[in-house]
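What follows is the residue order along each chain.
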Amino acid sequence: MRRQLAPLAALLTLGAALPAMAETVAITGARILTAGPAGTLEQGVVVIRDGRIVSVGRGAPPAGARVIDASGAVVTPGLFATGSLLGAVEIGALGDDLSVDNPQIGAAFDLTEGLDPASTLIPVARTGGLTSAVVLPQPAGGGYAAHEHDGEVSGRRLTAGGGHGPRPNTLFAGQGAVIRLNGSEDMVVRSGVGVMVAFGKAGARAAGGARGAQVAALKAVFADVRAYAANRRAWEQGSYRELGLSKADLEALVPLVQGRTPLIARVHRAADIRAVLKLAREEKLKLILEGAEEGWMAAAEIARAGVPVILNPITNRPDSFEILGATLENAARLNAAGVTLAFTGPEGAAHRAREIRYGAGTAVAWGLPWDAALAAVTVNPARMFGVGDRTGSLEPGKDADLVIWSGDPFEPLSTPRAVYIRGQAQDLTTRQTELRDRYTDLGAPLPPAYRHR
Amino acid sequence: MLRSGVLVVGLAALALSACATTSGAAPKAGGKDGAAGALPAGLDPGARPDAFPSTYRPLPSASFAIVGASAFTGTGQAMENATVVVRDGRIATVGEGLAAPAGIPVVDGRGKWITPGLIDSHSHLGVYASPGEEAHSDGNELTDPTTPEVWAEHSVWPQDPGFHTARIGGVTTVQILPGSANLIGGRGVTLRNVPSRTVQGMKFPGAPYTLKMACGENPKRVYGSQGRAPSTRMGNVAGYRAAWIEAAEYTRKWDDYRATIGRGEKAEPPGRDLGLDTLSAVLRGEILVQNHCYRADEMAIMIDIAKEFGYRIASFHHAVESYKIADLLAANGICTATWAGWWGFKLEAYDSVEANVPLLQAAGACGVIKSDDSDLIQRLNQEAAVALAAGRAAGLQISEAEAIAWITANPAKSLGILDQTGTLEPGKRADIVLWDRNPFSVYARTEKVFIDGALAWDRRDPRYQPRSDFDLGQPGEGVR
């Protein structure tokens, strides 16, 4: 079979030319899905300068602007991989940099120190239209673990409920961060965006075996943190009672008990969701639910509490006794109840982060309004994690994080023609496309080892 | 040289199940050989080659026609305004613009799409059932690296709710494999995806048995970590070869015994060995090898082992590096059953490319999209679309009508059942999916699924909403 000239070559070449500072770029002719107040614009124009969006509207591009003709294409904000391991894992089986089992460092664990902008997963993720990720720490003892895809050779399977490992030494998994997927040293957009805690079976194990023990343990910790915040000097001088956490963890939890930083609760079963809602209400915590496979069974309560939810729309099997009610309609039902959603992807939305857009499409197929699905992969996670003022939608003043798509962004047959992060066109070459290209001509006289860029 | 093409092997196995005629089979009851060679029940490997026979009966069905749909036939053809007529559970007619025959019910397919029933050639439904608790971990016999004596069907729990969710995804036939901890993991089984009280009630009549083998990291990790062989890839290869040597000797012993009693002489029968029965049947071409193998270099070694011992490999599974040896796989007629987007979960999966299957197709090799996952099995059409898009991005011109074969005709070929299912052609089992839109769209959902011409799932008909026993009384009792 003869290979055609790559049909997108023209656009890619355009994309490769980084806009110089102060250059004004206008993307014209596309259907623009802003995920912001401007809604959808047919034949719209996005104007970019200095890495920011100047305007989103209709009409002629500004004089002097370099015009990128995207006629027939679709433009969206860059997508978010929420609840991701991106930047902290290379080979799944070799482990990640997100799990700490240290009694001195729980809530204080800041994963940004371990992120690697050179990870080959980041360019791959960009080819799925992703420009940002919310990276979350992973509870020790198996709250998340790489699934054995190919044989379950461990003789057991890790479940959504939280694994079978030894009892972890900490109740807190650490703090999440928002990163941009530009693969450079300025990848961290915001750190300390929330403190992760696993509830349900995993939380019970961390607290010594039963769910109720975890609630009691957390309440004791929160009381200690409040006491610490009010008596720092006495504590420093050793004239205050002993508190159950290291200084680092106490400090890290102060913004949490003050309701400034959210508690990110990994929780699955409806009864456990209700228990977490109650805990947050009593302790006056800001809360985000993650997992929430049975969230639809408590949809009204979640909505009433104004708590947003991170979920994987494709989870529908009773893979553990904590998710017996899992259904593909979870997203649609929660949305109908008024809950704000953000979507994660399979296996930690890292290697397979590209599938987040297909998950959004699947949620639509099972009843979620299309615009709500777009929000769940753009503006909602941006707002939930405190970066809504700078990314997540196409609005003047925000970072120019956007994607030019060949068609509907949720369709597998659509592909990103160009991906911009802070106005810079990203290279869509990946380790995978390089591998592909060196093996397309198996009859070449020299071995593939001699073919690379 | 290899024994035969996949189809021939498949036919041989079909013949075996109907009436034993091959060298390893039993002397015919009542024949003069039988009198001389009669062995107590259970000691003659050929006496009852199908010890757990299929009791599959199609669900109730009647003749019908689907009219006016767009169709991908699985043969590479796309049709508009297609008519498919089903009689007696078989496809009677397929054509464009044909009037429905008088006197049979008509399904209005206008605005909808039909495809052959999807086939997943790599699943662990039932052997790693939901919920995925330790008690349901039945796919790897982790006690020895070579366990050809185990059969996946003896672990299959027909109440796995995943069979139902897979059917809603359009899957009508599924190969259930043992896991990949072992060099030789045991027999796989091909099932009709119908609700059943027993696994026998799901077994695809006449489908050849398969044998799971595994390369690479898993066997050497599992056994190496126990301080026993294999602990390296070279240890893996020594293990396969030792097993095949034993199988060849066993085969010779039984052949000698049959020849001796065939001459009317007395002979002591060899002892029966369940594992060697299976390997011997592979050497006779009756059981199809399904070989888990990620790396190109390891696949090339496995091809040479097959040649050394005179068996053939039907498919490499996972095989994320097949694109590196597409020419070799095409020349040896070996299918690749893989994903599009899965990679990097282990080192041997690092070099995966989304265009693997399209590149194989371009090289004239057989490509299959499979799941190995109880979630992905519900959206094989989506994974095929991802692969198709990647092929087009690589500059390959592949139509949707060709790509549908990755989840229909090609897996049927790799399982030796292409003469039975996998395409919409007259005479085949009427395994048909009616989609509400083009199945390459992420928004596509199945409306009806027919297995052997019988309705097995209908989104709108409350009588066709199957539930596992497990789901009763649970919050998941409703639509999953």
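Residues numbered from 1 in each chain as written. Chains lettered and ligands numbered in written order. Predicted model: local features only at pLDDT ≥ 70, side-chain atom pairs only at ≥ 80, totals over all residues.

J.: Outline unusual backbone geometry, supporting the account with residue identities and numerical values.
T.: Excluding glycine, most residues fall at negative phi; most peptide bonds, likewise, are trans. A cis amide bond links Ser130(B) with the next residue in sequence, Pro131(B), at an omega value of -5°. By the secondary structure assignment, Pro131(B) is in the loop between strand S6 (118–123) and helix H3 (161–168). Despite not being glycine, Glu347(A) has its phi angle at roughly 55°, a positive value. Mapped onto the fold, Glu347(A) is located in the loop between strand S13 (341–343) and helix H10 (356–365). Even without a glycine there, the phi angle at Asp88(B) is positive, about 55°. Among the secondary structure elements, Asp88(B) is positioned in the loop between strand S2 (78–87) and strand S3 (90–96). A residue is classified by how many C-beta atoms lie within 10 Å of it, and Asp88(B), with 12 of them, is exposed. (Helix = DSSP H or I, 4+ residues; strand = E, 2+ residues; numbered from the N terminus. Buried ≥ 20, exposed ≤ 12 C-beta atoms within 10 Å, placed from the backbone.)

J.: Help me get a handle on the nonpolar core, residues and values and all.
T.: Residue and element names in this part refer to chain A. By size, the foremost hydrophobic cluster in this structure holds 138 residues, and its most contacted members are Val-46, Val-75, Leu-86 and Leu-289. When residues in this core are grouped by element, the largest group, seven residues, is from helix H7 (residues 270–283). Both domains that meet at this core, namely domain 1 (1–77 + 393–453) and domain 2 (79–391), each give it at least three residues. Setting aside anything within four residues of it in sequence, one finds Leu-86 in contact with Ala-81, Leu-121, Ile-122, Ala-125, Ala-133, Val-135, Leu-181, Ala-350 and Ala-353. (Core = buried A, V, L, I, M, F, W, Y, C linked by C-beta atoms within 7 Å. Domains from an automatic or database assignment. Contact = placed C-beta atoms within 7 Å.)

J.: Give me the lowdown on the sheet that holds strand S11 (residues 313–318) of chain B, citing residues and values where you can.
T.: Residues and elements named next belong to chain B. Strand order in the open sheet made by the eight strands is S6-S7-S8-S9-S10-S11-S12-S13, with mixed pairing throughout. Looking at strand neighbours, the two that pair on one side only are S6 and strand S13 (367–369), the edges of this open sheet. Across the sheet, the mean angle separating the axes of adjacent strands is 25° when strand polarity is ignored. Here S6 pairs with strand S7 (residues 171–176) via four bridges, running parallel. Bridge assignment links Ser-123 to a residue of S7, and that residue is Ile-176. Against the sheet, helix H10 (residues 380–393) engages S6, S7 and S13, with an angle of about 130° to S13. (Pairing = 2+ DSSP bridges. Axes fitted to C-alpha atoms, helices over the stretch in contact; angles between N-to-C directions.)

J.: Could you give an account of H10(B), naming the residues involved and the relevant values?
T.: All names here are of chain B. Helix length check: H10, at 14 residues, gives a terminal C-alpha distance of 20 Å against a target of 20 Å (1.5 Å per residue), a fit within 8%. H10 sits mainly inside the fold: 13 of its 14 residues count as buried. Taken from the residues just after H10, Gly-395 is the one with a positive phi, measuring 90°. (Expected span 1.5 Å × (residues − 1).)

J.: I'd like a rundown of helix H5 (residues 233–262) of chain B, residues and numbers included.
T.: All names here are of chain B. Compared with an ideal rise of 1.5 Å per residue, which puts 30 residues at 44 Å, H5 spans 43 Å between its outermost C-alpha atoms and is within 8% of the ideal. Among the residues of H5, those classed as buried are Asn-236, Gly-239, Tyr-240, Ala-243, Trp-244, Ala-247, Tyr-250, Thr-251, Trp-254, Arg-258 and Ile-261. Gly-264 lies just past H5 and shows a positive phi near 85°.

J.: Describe the environment of Ala365(B), with residues and values.
T.: Residue and element names in this part refer to chain B. By secondary structure assignment, the location of Ala-365 is in the loop between helix H9 (356–362) and S13. The exposure class assigned to Ala-365 is buried, which follows from the 23 C-beta atoms found within 10 Å. Taking C-alpha positions, Ala-365 is 6.9 Å from Gly-333, a pair spaced 32 residues apart along the chain. With sequence-adjacent residues up to four places away left out, Ala-365 is seen in contact with Ala-326, Leu-329, Ala-330, Thr-336 and Leu-360.

J.: Give me the lowdown on the domain arrangement of chain A, citing residues and values where you can.
T.: Residue and element names in this part refer to chain A. With domains assigned, chain A is organised as domain 1 (1–77 + 393–453) and domain 2 (79–391). With 26 residues of domain 1 in contact, the opposing surface of domain 2 contributes 23 residues. Of all elements in the fold, only strand S5 (74–77), strand S14 (402–405), strand S15 (416–421) and helix H13 (431–438) reach the threshold of two or more residues within the side of domain 1 that touches domain 2. If one sorts the elements of the side of domain 1 that touches domain 2 by residue count, S15 sits on top with three residues. The residue makeup of the side of domain 1 that touches domain 2, split by class, is 12 nonpolar, eight polar and six charged. (Nonpolar A, V, L, I, M, F, W, Y, C, P; charged D, E, K, R; others polar.)

J.: An account of the pairing of strand S3 (residues 52–57) of chain A is needed here, citing residue identities and associated values.
T.: Residues and elements named next belong to chain A. Bridge analysis of strand S2 (residues 40–49) against S3 gives five bridges, and the strand direction is antiparallel. Its bridge partner being in S3, Arg-49 is matched across the sheet by Arg-52. Taking the residues between adjacent antiparallel strands as the criterion, S2 and S3 are bridged by two residues, where Asp-50 takes a positive phi near 50°.

J.: Talk me through the sheet that holds strand S6 (residues 79–84) of chain A; I want residue IDs and the actual numbers.
T.: All names here are of chain A. Strand order in this open sheet of eight strands is S6-S7-S8-S9-S10-S11-S12-S13, and the pairing throughout is mixed. Both outer strands of the open sheet, S6 and S13, are each paired with one neighbouring strand and no more. With direction set aside, neighbouring strand axes in the sheet form an average angle of 25°. When strand S7 (residues 130–135) meets strand S8 (residues 174–180), the two strands line up antiparallel, connected through four bridges. In the sheet register, Val-134 faces S8, and the bridge partner there is Val-178. Where H7 meets the sheet, its contacts fall on strand S10 (263–267) and strand S11 (287–291), and the angle it forms with S10 comes to roughly 160°.

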